[in-house]
Amino acid sequence: MSHLSERPEKPVVGLSMPHESAVLHVTGTALYTDDLVYRTKDTLHAYPVQVMKTRGRITALRTEPALAVPGVVRVLTVADVPGVNDAGMKHDEPLFPDEVMFHGHAVAWVLGETLEAARLGAAAVEVELDELPSVITLKEAIAAESFHGARPVMVTGDVEAGFADSAHVFTGEFQFSDQEHFYLETHAALAYIDEAEQVFIQSSTQHPSETQEIVAHVLGLHSHEVTVQCLRMGGGFGGKEMQPHGFAAIAALGAKLTGRPVRVRLNRTQDLTMSGKRHGFHADWKIGFDTDGRIQALDATLTADGGWSLDLSEPVCARALCHIDNTYWIPNARVAGRIAKTNKVSNTAFRGFGGPQGMLVIEDILGRVAPLLGLDPMELRKRNFYQPGLGQATPYGQPVPQAERIAGVWQQVEDNGGVADRKREIAAFNAAHPHTKRALAITGIKFGISFNLTAFNQAGALVLIYKDGSVLINHGGTEMGQGLHTKMLQVAATTLGIPLHKVRLAPTRTDKVPNTSATAASSGADLNGGAVKNACEQLRARLLQVAASQLGSNASDVRIVDGVARTLGSDKELAWDDLVHTAYFQRVQLSAAGYYRTEGLHWDAKAFRGSPFKYFSYGAAAAEVEVDGFTGAYRIRRVDIVHDVGDSLSPMIDIGQVEGGFVQGAGWLTLEDMRWDTSDGPNRGRLLTQAASTYKLPSFSEMPAEFNVTLMENATEEGAVYGSKAVGEPPLMLAFCVREALRQAAAAFGPAGVSVELAAPATPEAVYWAIESAREKNDDVRGGSGRALGGSEIRTDTSALSNA
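The present account deals with the structure reproduced in this document. All of these numbers come straight from a predicted model, not from anything done at the bench. (Residues numbered from 1 in each chain as written. Predicted model: local features only at pLDDT ≥ 70, side-chain atom pairs only at ≥ 80, totals over all residues. Heavy atoms only, no water.)

The alternating pattern of strand β24 (residues 591-597) places Ala592, Gly594 and Tyr596 on a buried face and Ser591, Ala593, Tyr595 and Arg597 on a face that is not buried. Sheet topology places strand β17 (residues 458-465) next to β24; seven bridges connect them, and they run antiparallel. Residue Leu462 lies in a different strand from β24, and its bridge partner there is Ala593. (Buried < 20%, exposed > 50% of the residue type's maximum accessible area, 1.4 Å probe, protein only. Helix = DSSP H or I, 4+ residues; strand = E, 2+ residues; numbered from the N terminus. Pairing = 2+ DSSP bridges.)

With that out of the way, let us pick up the pattern of salt bridges. Taken as a whole, this structure holds 56 salt bridges when the rule is applied. The partner of Lys423 in a salt bridge is Asp376, with the nearest N and O atoms 2.9 Å apart. Note that Lys423 is positioned in helix α13 (residues 419-432) and Asp376 in the loop between α10 (355-369) and α11 (377-383), a separation of 47 residues in sequence. With a relative accessible area of 30%, Lys423 lands in the partly exposed category. Note on Asp376: relative accessible area 33%, which makes it partly exposed. Among the salt bridges present, the one from Asp654 reaches Lys487, with a minimum N-O distance of 2.6 Å. (Salt bridge = Lys/Arg side-chain N within 4 Å of Asp/Glu carboxyl O.)

A few words on the environment of Arg775. By the element assignment, Arg775 lies in helix α19 (residues 764-776). By relative accessible area, which is 35% here, Arg775 ends up partly exposed. Sequence separation between Arg775 and Val419 is 356 residues, and the spatial gap between their C-alpha atoms is 27 Å. In this view, Arg775 contacts Gly629, Phe749 and Gly750; residues no more than four positions away in its chain are not counted. Within the structure, Arg775 has its side chain in polar contact with the side chain of Glu772 (distance 2.9 Å). (Contact = heavy atoms within 4.5 Å. Polar contact = N/O pair within 3.5 Å; in protein donor to acceptor, adjacent residues only side chain to side chain.)

Below, the structure is given as structure tokens:
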């Protein structure tokens, strides 16, 4: 076992612990960024001047009417920026634009003594536009060839030969929806200037170091003059990886100009209309199978809706390409990616970061074509799994280690869920109920863990031991409710060999741990855990020398367990507090900076080849649904999940992440139907689903009646801290099984072997139209064309073309 993964005697990792802030959460005493306003004297409130047109050049911006509003202190415009007028890393996101690029684009900000004064001031600002044509939908962008950013192409094998060898070839088109993060805490920042003219910002950000960098270049400062702190976030899901930077910059600019603290906090409607979403995608595809239903070739083009600026669209698109294979070996493939430039908010990171979009394409294809091949969808999927020992690699050239886990978790789901018996029960139920149908589907996942950009796979930590034996840890990861801080406390306690109550964690700050990567890509525990472990190992090595001198033995023979140092084979011992006290008086350093970098990664972005991921996380899920044939309404009767997290650092946290990720994925795939005004009227480009009243989120009523989650056992990951694996993003994609079960239930209203199309999200409306389609079909299911399902534009040609 590797040094990184080996666990000592009586580890604190692996124990089920409550979230470190759980008591604070449930009692309402946990502080978030905006709570700090009420502890800050003389705070000014910032309010955006949003332009409710979709695109146009600004020809006039009159701020004088706002300054006449009582309580308004200042209006921030481009003339106030001392540095670079840009809030992005690609230099395509002006903080104060001269051209409105989406409906609700903020062109100025008003500072007021109260939020109401700032709101009235913003309403008084006069903006004149020279309106310009806009692009709203993906289809419009494709037709207009409105693209930006890189256009990667992933190729493996001989695609033309693969199609020539295929007995069945299918082509189709698939468009699926974006998704709103809908974190409970909206974007927020609080900035003030200290007596040395240093800028201090409290920000709800997943990437404090990048927030620091953006604020510095907007203000024309060096990074060491800006400190960013993140206490915790009320949810992030990727929506606070890049998008908080501009809001923090507005707060910092206001504070710099007025000398007073400035608060930015978006209300829900502002957050929905000003911040980016998960990228919606369009896919054109062609796929070939042999006579046994094994994939021979895939040719696809994936188009991501990037919105008005690039943000993180390029790496999102790249990860989508890297995950289009999911758990299936595709020997010959050509997959192209491109990013549509549309006049909508700039889409951004969202849990899975393009992986769900790529994987959804192949799962949708298999769900559609299985009946046309005369195969049960479960059987078709199993026939195409990566197989261990055959030297199979992904389309971008990375070998697939632990491939046996793909079939292993699947089989465990079948066994745990009694799938064979339940399928027979479902068949009997469907035969007896003409107006209600049930179905059960299983899908699996293979998700790569690491940032695609190799440089981001590094982390730092600072661990301090005080004379009384208490320990304070600082690391570069941020806490958004996912339990990262809980795991880091457990890693520190385990490495030092002390009880958990001895360790406390400080808020994430750029002046404690510099140059950190975003808490994203499911890498928070891997990277920061490695750094915390490294710092604690340095401290433990020093303390073992001290203990050895006190116990009269060699340092190699000393163990620290449960806060007591003992020599192997001896009854002599030294309590932790005494050991630390002794070390201090021997002038032994009691602080250490830790560092970790993920080894073994290499990636050629231009060639789209390499091994960008440290390892893969695997999982499988089965969902049983029941569908009403009159309305398309449905309920999830039961879900069974087996998920691979390696040797869990904190099982209760990990199970919660699996549950939460699955529900969020089910929301994206079945409920969360974002709508935009695509008319040519005055509100073109306006987000129509601006609140929870019009944008449906999963709630208790959508939870499965029976929900079983099992963590894979004996699953040590040799290359990660204490043998664990990432858990944040992969479970979201387990929810594919819900949509596939709905597809099969809709098909059950038609003749045997019918293939139905299903929109994403598969809302009750979409399911109803799928049911109607199934009812209309006769036994000849080989032809077909598409329709608009539930508001999603989907066309497919599922003609089976024989090349025999």
